[in-house]
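# Observations on the model geometry
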Amino acid sequence: MAETRRRLRSSTVVLGGMGVVAAALTSCGSEPDRRCVDRDSYTYEGYKIVADKNCNSGSSGSSSYGKSGKKKTGTADAAWYYDGDVSGSHADYGTFSKSEAVDRGGFGCSSGSGGG
């Protein structure tokens, strides 16, 4: 029975290692990770993640405010937040600039162009 446990553990290590390799290979894609967040909701936890439909509907932010300049009740000043660290329902340490997120690169990506 001890051999079965040992075999199971080594399989788990191999499968976990394959996951790390897969993540390294796929993290260099052209589209950075993004979350739709409410810009007005920042706390020590980060920005509150809201439904993607808030970011997909037209221009971000402009429809959240009425003619008086006050925020409409029940609306989010939503925008795409790229490459943020997600913890529960909040995202932090990212950027609102897609081009900046793509330039950062990811694990296994070369961040500069080679040349001579």
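Since this is a predicted model, take the numbers as computed values, not measurements.

## Details of the pairing of strand S2 (residues 46–49)
Where strand S1 (residues 34–43) meets S2, 3 bridges bridge the pair, whose relative direction is antiparallel. Paired with Val-37 across the bridge in S2 is Ile-49. Here S1 folds back onto S2, and the loop between the two strands holds 2 residues. Where S2 lies against strand S5 (residues 90–92), 2 bridges are found, and the strand directions are antiparallel. For Lys-48, the partnering residue across the bridge sits in S5 and is His-90.

## Here's the deal with unusual backbone geometry
With the exception of glycine, the majority of residues adopt a negative phi angle, and the majority of peptide bonds are in the trans configuration. Positive phi outside glycine occurs at Asp-83, with the angle close to 55 degrees. Along the polypeptide, Asp-83 turns up in the loop between strand S3 (78–82) and strand S4 (85–87). The backbone of Tyr-93 sits at a positive phi, close to 65 degrees, despite the residue not being glycine. You can see Tyr-93 is positioned in the loop between S5 and helix H3 (98–104). Assessed through its relative accessible area of 64%, Tyr-93 is described here as exposed.

## Here's the deal with the state of the cysteines
By the definition in use, this model includes 1 disulfide. Put simply, Cys-36 and Cys-55 are joined by a disulfide, and their sulfur atoms are 2.0 Å apart. Between Cys-36 and Cys-55, the S-S torsion sits near 95 degrees, and that sign places the bridge as right-handed. Separated by 19 residues along the polypeptide, Cys-36 in strand S1 and Cys-55 in helix H2 (residues 53–56) bring together distant segments of the chain.

## Considerations on the nonpolar core
Residues Cys-36, Val-50, Cys-55, Ala-78, Trp-80, Tyr-82 and Ala-101 constitute the largest nonpolar core, which totals 7 residues. With 3 residues, the single largest contributor to this core is S3. Sequence-distant contacts of Cys-55, defined by excluding residues within four places in its chain, comprise Cys-36, Val-37, Ala-78, Ala-79 and Trp-80.

Cut-offs and rules
Residues numbered from 1 in each chain as written. Predicted model: local features only at pLDDT ≥ 70, side-chain atom pairs only at ≥ 80, totals over all residues. Heavy atoms only, no water. Pairing = 2+ DSSP bridges. Helix = DSSP H or I, 4+ residues; strand = E, 2+ residues; numbered from the N terminus. Buried < 20%, exposed > 50% of the residue type's maximum accessible area, 1.4 Å probe, protein only. Disulfide = S-S within 2.5 Å. Core = buried A, V, L, I, M, F, W, Y, C linked by side-chain atoms within 4.5 Å. Contact = heavy atoms within 4.5 Å.

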